[in-house]
Amino acid sequence: MWRRLSLRRICLGFILITAVAILYAAFKASSIIIPKACTDDQTTRIFDNLCNLYQSQAVGGNLCEVICTSKSIIYEDCLFKGKGKKVIAATYNSKKIILKSRNERLEEFELLFSANDKGGFAPPEMDYDSFKSMFKSHMEALMGIKLVDSEDVLLSKMWTSPILQNDELTPGEMNSVWTLVQQSEFNYLKYFHGAQFLPDIYGSCGHFYAVEYIPSGKILDPSLLSLSEQWDSAPWPNRAKIGLSLMDLIASTETFYSEILHLCDVKPDNFGVTEDFQVKAIDIDISFFTPQMRDYLQQPDCTADEDCDFFDCHGACNKSTQKCLDVRTNNNFQSICSDIFLHHHTYPGLLRNPPAEIATEITELLDKCVNPSREEKYIQTPSITKTFQRLQSLLKESLQIR
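Overview of the structure. (Residues numbered from 1 in each chain as written. Predicted model: local features only at pLDDT ≥ 70, side-chain atom pairs only at ≥ 80, totals over all residues. Heavy atoms only, no water.)

## Some details on the overall build of the chain
Tallying secondary structure elements over the chain gives 14 helices and 13 strands in all. Among the 402 residues that make up the chain, the fraction classed as buried is 47%. Partitioning the intrachain contacts of the chain with sequence separation of at least 6 by distance along the chain shows that 63% fall at a separation of at least 24. Of the roughly 21600 Å² of accessible surface on the chain, 53% is carried by carbon and sulfur atoms. (Helix = DSSP H or I, 4+ residues; strand = E, 2+ residues; numbered from the N terminus. Buried < 20%, exposed > 50% of the residue type's maximum accessible area, 1.4 Å probe, protein only. Contact = heavy atoms within 4.5 Å. Areas by Shrake-Rupley, 256 points an atom, 1.4 Å probe, with all protein chains shown as cover.)

So, in structure tokens, the structure goes:
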């Protein structure tokens, strides 16, 4: 009898403790500050502020006229939360576009000009040649590479309106291009305009720039589907085509320029898929060429290799000096394998449920991709390895199976 009462008390006590723990967890969860979604009013304020600047000639750009005067760019939706990058969906000539800026207001950027009482900006105390020289030096520092373009060619390449011979940018235009190049994604899209793995850029107004709309889609990013729908969604051929296009994209990051472009934020919603299953990198804010990548990896002190990781770009720790080495130990292919091709957390993995004929080999190749041999662990290898080439061949062969 005594034992039954004691057992009952223990059970009741356990239930009470569990209930208290659940209530405490719920209270803590409710106290977490969740960034507020943007509103139509906030977006209206953004456009109004931008157009006021344009009318006072404080900013310029090839899209200012169609945003502020003809109003040919029609607002559809705001896609950002809190203090993050401002992303706005719109239509232009019946085509959906995305307007982006790191900050809502021009004044949140480092500016060449100081504000005056009339709402405009006073020009800097420098001549135009000095501005062009400073602009090139600034661009090289921001991108971490030596640019071969002349000062005039570089400025024409980065500005969104034609610059005729012997013409000079107005103070408002100089101000605008200066804020645009402070945004790393704009620099990649504009300087390497035409690169197959990057979305098209249509132009700018002030500190906002417009790009091609390419959604991730339900195949690459099935986050809005239920768990069962995720596993059942999308026939293998479509997923294999997207996988092949992702591999082409990865190869391009190592061959389109003299330095490797390191993708340090690899996740499904940072890539878009076109109607013909071509993949483009739609968010490359956290991407760097090798010289800049080394600087980032070498910064912190460390006691373990993980201390030296910079998002998806993994580093290595010198245990003797407790300093991070200036080398990345994984590559873009390994990041794609780990974060997109394979299942993790609630993401089902792009290459899930392959045809039975190749399932075993694909599993082995993906495991080899994310878990290289110990001898290779601290040596960064190019993405295009034998594992890469075999997986590419296998995906092509699989399109003939089904």
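## With respect to the layout of surface pockets
In this model, the largest pocket occupies a volume close to 830 Å³. Taken together, 36 residues form the lining of the largest pocket, with L79, V87, I98, D269 and I282 sitting closest to its centre. Taken together, the elements giving at least two residues each to the lining of the largest pocket come down to β1 (73-78), β2 (86-92), β3 (95-101), α7 (184-191), β7 (208-212) and α8 (217-220). Of the residues belonging to the lining of the largest pocket, the class tally is 18 nonpolar, five polar and 13 charged. (1 Å grid on protein atoms, 1.4 Å probe; cavity = no way out; pocket = protein on both sides within 12 Å on 5 of 7 lines; lining within 4 Å. Points joined across faces, edges and corners; volume = space filled by probe spheres on them. Nonpolar A, V, L, I, M, F, W, Y, C, P; charged D, E, K, R; others polar.)

## Thoughts on the pattern of salt bridges
This model, assessed by the stated rule, comprises 16 salt bridges. Between D283 and K85 there is a salt bridge; the shortest N-O distance is 4.0 Å. One end of the pair, D283, is in the loop between β10 (279-281) and β11 (287-289); the other, K85, is in the loop between β1 and β2, with 198 residues separating them in the sequence. Under the relative-accessibility criterion, D283 is labelled partly exposed at 27%. (Salt bridge = Lys/Arg side-chain N within 4 Å of Asp/Glu carboxyl O.)

## Points about the pairing of β7
The buried fraction of β7 amounts to five of the five residues, a majority that puts the element mostly inside the structure. The pairing of β3 with β7 spans four bridges and is antiparallel. Looking across to β7, one finds that K100 is bridged to Y209. Joining the antiparallel neighbours strand β6 (residues 201-205) and β7 is a turn of two residues, in which G206 adopts a positive phi near 60°. (Pairing = 2+ DSSP bridges.)

## Focus: the sheet that holds β1
In any sheet, the strands associate via hydrogen bonds between backbone groups, in a parallel or an antiparallel arrangement. The five strands lie next to each other as β1-β2-β3-β7-β6, forming an open sheet whose pairing is antiparallel. The open sheet has two free edges, formed respectively by β1 and β6, since each of these has just one partner strand. Direction aside, the axes of adjacent strands within the sheet are offset by 30° on average. Lying on the sheet, α7 is in contact with β3, β6 and β7; it crosses β7 at an angle near 55°. (Axes fitted to C-alpha atoms, helices over the stretch in contact; angles between N-to-C directions.)

## Digging into empty space enclosed by the protein
Taken as a whole, this structure holds two cavities of 30 Å³ or more when the rule is applied. By volume, the largest cavity amounts to about 50 Å³. The wall of the largest cavity is formed by L263, C264, D265, N270, F271, D283, I284, I286 and S287. Grouping the constituent residues of the lining of the largest cavity by class yields five nonpolar, two polar and two charged. Each pocket or cavity is described by its volume, and for the second largest cavity that value is around 30 Å³. Lining the second largest cavity, in full, are I46, F47, L50, I67, I88, L99 and F208. For the lining of the second largest cavity, the leading source of residues is helix α2 (residues 40-55), giving three residues. Grouping the amino acids of the lining of the second largest cavity by side-chain chemistry returns seven nonpolar, no polar and no charged.

## What about helix α4 (residues 128-143)?
Given a rise of 1.5 Å per residue, 16 residues ought to cover 22 Å, and the 23 Å separating the end C-alpha atoms of α4 matches this to within 8%. Inspection of α4 places Y128, F131, K132, F135, K136, H138, M139, E140 and M143 among the buried residues, and these make up the whole buried set. Its buried side turned inward, α4 meets α5 (151-158), α6 (171-180), α7, β11 and α11 (290-297). The N-capping residue of α4, defined by a side-chain oxygen 3.4 Å from the backbone nitrogen of D129, is D127. (Expected span 1.5 Å × (residues − 1). Polar contact = N/O pair within 3.5 Å; in protein donor to acceptor, adjacent residues only side chain to side chain.)

## Comments concerning the packing of α4 against α7
Look at α4 against α7: their axes get within 11 Å of each other, and the N-to-C directions meet at 110°. Relative to α7, the element α4 lies roughly perpendicular. In contact with M139, L142 and M143 of α4, α7 contributes N187, Y188 and Y191. Residues of the contact of α4 with α7, tallied by class, amount to five nonpolar, one polar and no charged. (Parallel < 35°, antiparallel > 145°, perpendicular 65-115°, else oblique.)

## Structural notes on the side chain of R328
With respect to the helices, strands and loops of the structure, R328 is situated in the loop between β13 (323-324) and α12 (332-341). At 6.6 Å, E254 is the nearest oppositely charged side chain to R328, a buried residue that forms no salt bridge. Polar side-chain contacts of R328 include one of 3.1 Å to the side chain of H262. Within polar-contact distance, the side chain of R328 engages the side chain of S335 at 3.3 Å. (Lys, Arg positive; Asp, Glu negative; His and termini not counted.)

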